[in-house]
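Fold and geometry: a report
Below are the chains, spelled out letter by letter.
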Amino acid sequence: MRRPCAQVYKKEWAELKHSKKILVYSACAMLLGALLAGAAFLSGACIDGVTFGKDGAQIIDKQKYSSSDDNLTEFSSVKLNIDKADVEFIPSDHYGIQFVHYGKNDTFDYKVENGTLKAVTADNYSHSFVSFDFGNTSRGNTLSIYYPKNTELKNVEVTDNSGSLEVSGLKASKVRACLQYGRFYLDGSECGDIGIDIKNGGCVLKNVKSGTLDYNNDYGKGTFEDINVTGTQDVKMLSKNGSLTVKNFKCAGIEADSSYGSMELDGLSASSLKSMLKNGNLSVKNSTLKNIVAENTYGKVNITGVKSGGANVKCKNGEINVDGELAGTTQVSSDYGKVHVSTSLPKEKYSYILVTKYGNVAVDGKTYDMNVASTGKAENSLHAESSNGDVEVFFGR
């Protein structure tokens, strides 16, 4: 009755011995390949390294290769699906494309179809189990798109798994950039709609005019300078992990959120600002805003030199400083931290309530050991409160 089980055990034992033999032979082959490659390298051969994968031992190829076409059919849109290559758009006097890569296994396919330039690159190296690199540095692949200067394109769509995208002097109806790992740079351009989605990499926009703008970055710094968004939709900026810097920015409204990282907004002109931070400092200065809504979970809030028609600023753990021409209804509150408010408008133009649970209240330099309120009719209102911290308010300065 036990013979079938014994036969099964014998079969399993034979398979195990066979697997061990394969592993031993594979290890010996890998060692032999490494020794031969190392000997060739030491004897003067130009070898960058060797990899061992499912295709066996292969010498790492870092030689420069180039493919180009300077006589492309005219195109009005571009759609790129790129793997491990930087992409650049170059205004010139012709329609063309060039792919410079380091490694013969990289592939490059392109065509112009119905007015759209479509290009695909791929890294066809098999994944390595073991890799020996002999120290030579491999430069990145580059895909260059050439088009006549001042040509207005319709749609520009770039998806890049690992590489940066650099564009200057572009005119396009729509731009979509989706980068898994790489930096996006856009300068001196005029676009209808701009959508940016980055998983890991920085983003820089300078001297750009657009109809709409959406920005989403999981990990990386964002910089936006001299931007004019003319559409009626709010600009949306989401930075999950990384700082956000905005300077000289015009738009209808802006929603800027950050999970982890500081945010600095300078020279902002908009109908509304909605900002939410979880961990980082918020700085808004030299800006004109009809309405401000700002919340910070952990970090300071510093709003200076602003002209606002109303503000609601909250902070759970951090100091708040609000300074400027504060019209309308201004509400400032911190659960834990000092609150400072300074308005250029005189005191008689406000009704105000100033409250603290643990701390002092000061008005125009005079300190009170109680809450202070003036509830008469006035053009504007101010409510400043701290659960644990001082409240300090200055009028007419």
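About the thresholds
Residues numbered from 1 in each chain as written. Predicted model: local features only at pLDDT ≥ 70, side-chain atom pairs only at ≥ 80, totals over all residues. Heavy atoms only, no water. Salt bridge = Lys/Arg side-chain N within 4 Å of Asp/Glu carboxyl O. Helix = DSSP H or I, 4+ residues; strand = E, 2+ residues; numbered from the N terminus. Buried < 20%, exposed > 50% of the residue type's maximum accessible area, 1.4 Å probe, protein only. pLDDT = per-residue confidence, 0-100. Contact = heavy atoms within 4.5 Å. Core = buried A, V, L, I, M, F, W, Y, C linked by side-chain atoms within 4.5 Å. Pairing = 2+ DSSP bridges. Phe/Tyr/Trp six-rings, centres within 6.5 Å; stacked < 30°, edge-to-face > 60°.

1. Regarding the pattern of salt bridges
A complete count under the given rule lists eight salt bridges for this structure. For the salt bridge of Glu264 with Lys285, the shortest nitrogen-to-oxygen distance reads 3.6 Å. With Glu264 in strand E20 (residues 263-277) and Lys285 in strand E21 (residues 282-285), this residue pair connects regions lying 21 residues apart in the sequence. What makes Lys285 partly exposed here is its relative accessible area of 27%. When the shortest N-O distance is used, the salt bridge between Asp364 and Lys347 registers 3.5 Å.

2. With respect to the confidence of the model for the protein chain
Overall, the predicted model of the protein chain reaches an average pLDDT of 87, with 80% of residues at or above 70. Confidence over residues 126-138 falls short of pLDDT 50; this stretch has 40 contacts with residues more than four positions distant or in other chains.

3. Considerations on the nonpolar core
Phe89, Phe224, Met237 and Phe249 are the most contacted members of the largest nonpolar core, which has 84 residues in total. For Phe224, the contacting residues outside a window of four places in its chain are Cys203, Leu205, Leu213, Tyr215, Met237, Leu244, Thr245, Val246, Lys247 and Phe249.

4. What about the pairing of strand E11 (residues 152-160)?
Pairing geometry for strand E4 (residues 77-82) and E11, over five bridges, is parallel. Counterpart to Leu80 in the pairing with E11 is Val158. When E11 meets strand E13 (residues 171-179), the two strands line up parallel, connected through eight bridges. Of the residues in E13, the one forming a bridge with Val156 is Val175.

5. Structural notes on the packing of aromatic side chains
For the coordinates displayed, the defined rule picks out six aromatic pairs. Seen from their ring centres, Phe75 and Tyr95 are 4.8 Å apart, and the 70° between their planes marks the pair as edge-to-face. Of the two residues, Phe75 is situated in the loop between strand E3 (64-69) and E4 and Tyr95 in the loop between strand E5 (86-92) and strand E6 (96-102); the sequence distance between them amounts to 20 residues. Note on Phe75: relative accessible area 2%, which makes it buried. Both rings, one in Phe99 and one in Phe108, keep their centres 5.2 Å apart while their planes meet at 40°; by these two values the pair is tilted.

6. Some words on the pairing of strand E24 (residues 311-317)
Taken residue by residue, a regular strand's side chains alternate between the two faces of the sheet. Sheet analysis places strand E22 (residues 288-298) next to E24, joined by six bridges and oriented parallel. Counterpart to Tyr298 in the pairing with E24 is Asn317. In the sheet, E24 pairs with strand E26 (residues 329-334) via five bridges, with the strands oriented parallel. Along E26, the bridge assignment pairs Asn312 with Gln331.

7. A closer look at the environment of Ala362
Along the chain, Ala362 falls in strand E29 (residues 361-363). Placed 30 residues apart in sequence, Ala362 and Glu392 show a C-alpha to C-alpha distance of 4.7 Å. Not counting the four nearest positions on each side in its chain, Ala362 is found in contact with Thr367, Val391, Glu392 and Val393.

8. A closer look at unusual backbone geometry
A positive phi angle is found at Asn150, which is not glycine, with a value near 70°. Looking at the element boundaries, Asn150 is found in the loop between strand E10 (142-148) and E11. Residue classification places Asn150 among the exposed positions, given a relative accessible area of 61%. Non-glycine residue Asp364 carries a positive phi angle of around 50°. Topologically, Asp364 is positioned in the loop between E29 and strand E30 (366-368).

9. Describing the side chain of Ser308
Relative to the elements of secondary structure, Ser308 occurs in strand E23 (residues 301-308). Ser308 gets classed as buried once you look at its relative accessible area, which sits at 4%. Beyond its immediate stretch of four places on either side in the chain, Ser308 contacts Leu289, Lys290, Ile292, Glu325, Leu326 and Ala327.

10. A closer look at the environment of Val355
Position of Val355 among the secondary structure elements: in strand E28 (residues 350-358). A residue is classified by how much of its surface remains accessible, and Val355, at 19% relative accessible area, is buried. Separated by 15 residues in the primary sequence, Val355 and Met370 place their C-alpha atoms 8.0 Å from one another. Every residue in contact with Val355, bar those within four places of it in the chain, is listed here: Asn371, Ala384, Glu385, Ser386 and Val391.

11. Details of the side chain of Ser77
Counting through the fold element by element, Ser77 comes out in strand E4. Among all residues touching Ser77, those that are not within four sequence positions of it are Gly115, Thr116, Leu117, Lys154 and Asn155.

12. With respect to the environment of Val112
You can see Val112 is positioned in strand E7 (residues 106-113). Judged by relative accessible area, which is 27%, Val112 ranks as partly exposed. In this structure, the C-alpha to C-alpha distance between Val112 and Phe75, residues 37 residues apart in sequence, is 6.8 Å. With residues up to four places along the chain from it excluded, the contact list for Val112 reads Leu72, Thr73, Glu74, Phe75 and Leu117.

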